[in-house]
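Here's the letter readout for the chains.
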Amino acid sequence: MSAASCLLSEEQFLCSICLDVFTDPVSIPCGHNFCKNCITQHWDINVQCQCPMCNKLFDRRPELHVNTFISEMAAQLRKSAQMKASSCPDQRCAKPVEVPCDVCTGTKLKALKSCLVCLASYCETHLEPHQTMTGLKRHKLIDPVNLEGRMCKKHDRPLELFCKTGQMCVCLLCTVLDHKLHYIVPLKEEYEGKKAELWKTEAEIQQMIQERQMKIQEIKHSVELSKEDADREIADSVRVFTALMQSVERGQAELIETIEEKQKTTEKQAKGFIKELKQEISELMERSTEVEQLSCTEDHLHLLQSFPSLNTPPHTKDWTEVSVHRSSYEGTVRRAVAQLEETLRKEMEKLCADVELKRVQQYAVDVTLDPDTAQAYLILSDDGKQVNHGDVKKNLPDNPERFSSCPCVLGKQSFYSGRFYYEVQVKGKTDWDLGVARGSINRKGLITASPKNGYWTICLRNGNEYKALADPRVLLSLKTKPQKVGVFVDYEEGLVSFYDVDAAALIYSYTGCTFTEKLYPYFGPYFNHADKNSTPLIISPVNHTD
């Protein structure tokens, strides 16, 4: 139960006669509530039948019925208090401190309550005047405590005020003699203020605990992703090296060892972070328990004396920028290849290209064309997999998503994170554009495709001129004419790569890109050119070959 709930229980679920949590609470006609047994005994003792709180007289004794709502709330409060007592490591919270009655002579009985006004503790018998006499009923009663510490050692007067200047509890004489001109407030006023601060501290601690628990999950997830990458790269490296001569087996073992060592380093780092986070959570939870217990106490002095040590959360690390960095394994295979004999170089390059293509093909997604974005001259197949230029403009609504002049169309699917890959058949075409584009690109009028305008694309012009539409343009020299182009995107890494699928060769890569919004597959079949370029672009299924 929160500190706020504790305050609510004190004010609304205590019987004013027995000063304890309601047992079988009943409401009388004036609206006040009491334990059924308490009010019955009170009326049995007194001649007149009246309310102990407001003194309203009743002609005859009201019929009493248990208030089920208050009864249920009191039961929950009592159960919560029992759970706190049983779980608290400090046994003082589990049961009241045994304090002797100040009035008993001879053998002193155990005190039931302590009075903060009388500065005395009373057993059940000597507590009765505080429960029946009008003047004494206004006194503040708390669970038994040692009241010696509540007296000013210098003036032997009650510590009932608080000096905010000196940050200490004082008596009335202190304010005149030692703390003259200091800022003095009633003890209860300072108590309520410090209690409110403790509630705020408790909320901050709980927030810190939650943030660290979430950080643990983030670190564990990073380790899992790193492990997946490591497993995949190890498997790829095995396929490469087993295809080569016996002379490269030693290099294979060294490569695997390097990858596994990096993974061990990552896991060791994560294990250390998690251990630190769990330790901080343990310390914060311990502090939370202490703060919550103190925030629910009625012992003003104890709260104020303990407040400085508990108000400030334990020293903890700022985990905001801490993360487990996934090791990069991709370049390891290439470095191993460079160390092989010259006679194996060409074969190794071919094998590595095959591995790279197979790796990105694992992220294949199903892409279809979005007719709402297609320029009016374009013809889309019914299944949304093919597009070509038709020379005849169709009568289509000029909605904001549609390209008005550029002969292109976007995919229906968008991507805001992770990796994705798709393949497009370009066989038979003399001109085309392929890549990805931001969702916020300009779609009206003439368009200049470039990364700064939200396009990461390559193109073919005049049957043999391949370009990357970067800033500035990059002329591409390809060994073979691609018949099928693969497009791969790693959103977080800021990478867009293009592959000649049949040759298993990298065509071009945009690296170091910054993506901040959704990306859409981009298709440009270009103009028909009197049927010279009428062949459609075809989104092809990806063949996952081993």
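Procedures and definitions
Residues numbered from 1 in each chain as written. Predicted model: local features only at pLDDT ≥ 70, side-chain atom pairs only at ≥ 80, totals over all residues. Heavy atoms only, no water. Helix = DSSP H or I, 4+ residues; strand = E, 2+ residues; numbered from the N terminus. Buried < 20%, exposed > 50% of the residue type's maximum accessible area, 1.4 Å probe, protein only. Contact = heavy atoms within 4.5 Å. Areas by Shrake-Rupley, 256 points an atom, 1.4 Å probe, with all protein chains shown as cover. Lys, Arg positive; Asp, Glu negative; His and termini not counted. Salt bridge = Lys/Arg side-chain N within 4 Å of Asp/Glu carboxyl O. Pairing = 2+ DSSP bridges. Axes fitted to C-alpha atoms, helices over the stretch in contact; angles between N-to-C directions. pLDDT = per-residue confidence, 0-100. Core = buried A, V, L, I, M, F, W, Y, C linked by side-chain atoms within 4.5 Å. Patch = residues over 30% accessible without salt bridge, like charges linked within 9 Å, V, L, I, M, F, W, Y side chains within 5 Å. Charge placed at Lys NZ, Arg CZ, Asp CG, Glu CD.

Quick look at the overall build of the protein chain
Here is step 1: Looking only at helices and strands, the protein chain has 12 helices and 21 strands in total.
Here is step 2: For the protein chain, with 546 residues in total, the buried portion stands at 43%.
Here is step 3: Within the protein chain, contacts between residues separated by at least 24 positions form 62% of all contacts whose residues are at least 6 apart in sequence.
Here is step 4: Summed over its atoms, the accessible surface of the protein chain is roughly 30,300 Å², and 52% of this surface lies on carbon and sulfur atoms.

Remarks on the side chain of K484
Here is step 1: Locating K484 in the fold gives a position in strand β17 (residues 484–490).
Here is step 2: Despite being buried, K484 has no salt bridge partner; E423 is the closest side chain of opposite charge, sitting 4.3 Å away.
Here is step 3: Other than its neighbours up to four places away in sequence, K484 contacts E423, V424, Q425, V426, Y499, D500, V501, D502 and S540.

Some thoughts on the sheet that holds strand β6 (residues 161–163)
Here is step 1: Read across the sheet, 3 strands follow the order β7-β6-β8 without closing on themselves; strand pairing throughout is antiparallel. This sheet does not close on itself; its edge strands, each paired only once, are β7 (168–170) and β8 (184–186). Strand-to-strand twist in this sheet, taken as the mean axis angle between neighbours without regard to direction, amounts to 40°.
Here is step 2: Pairing of β6 with β8, which is carried by 3 bridges, proceeds in the antiparallel orientation. The partner of L161 across the bridge, within β8, is P186.

Notes on the confidence of the model for the protein chain
Here is step 1: Of all residues in the protein chain, 87% attain a pLDDT of 70 or more, and the chain-wide mean is 84.
Here is step 2: In the predicted structure, residues 1–9 sits below a pLDDT of 50 and forms 16 contacts with residues beyond four places in sequence or in another chain.
Here is step 3: Low pLDDT, under 50, characterises residues 88–95; the predicted model gives this stretch 6 contacts beyond four residues in sequence or across chains.

What about the pattern of salt bridges?
Between side chains of opposite charge, pairing is possible as soon as their charged atoms come close.
Here is step 1: Taken as a whole and assessed by the stated rule, the structure comprises 16 salt bridges.
Here is step 2: For K317, the salt bridge is made with E276, and the minimal N-O distance between the two is 2.7 Å. One end of the pair, K317, is in the loop between α10 (300–311) and α11 (330–338); the other, E276, is in helix α9 (residues 249–295), and 41 residues separate them in sequence.
Here is step 3: What makes K317 partly exposed here is its relative accessible area of 33%.
Here is step 4: For E276, a relative accessible area of 34% puts it in the partly exposed group.
Here is step 5: Here E290 and R287 are joined by a salt bridge, their closest N and O atoms 3.9 Å apart. Here R287 and E290 lie together in helix α9, a separation of 3 residues that amounts to about one turn.
Here is step 6: The class of E290 is partly exposed, set by a relative accessible area of 31%.
Here is step 7: A single salt-bridge network, built from bridges that share partners, covers K164, E190 and K194.

Topic: the nonpolar core
Here is step 1: Ranked by size, the top nonpolar core spans 48 residues in total, and within it W432, I458, Y510 and F523 carry the most contacts.
Here is step 2: Ranked by residue count, the leading element in this core is strand β14 (residues 455–461), at 5 residues.
Here is step 3: By size, the runner-up hydrophobic cluster in this structure holds 35 residues, among which are L159, V185, L284 and W319.

Brief notes about a negative patch on the surface
Here is step 1: A cluster of acidic side chains, namely E254, E257, E260 and E261, defines a negative patch on the protein surface.
Here is step 2: Residue placement: E254 occurs in helix α9.
Here is step 3: The class of E254 is partly exposed, set by a relative accessible area of 43%.

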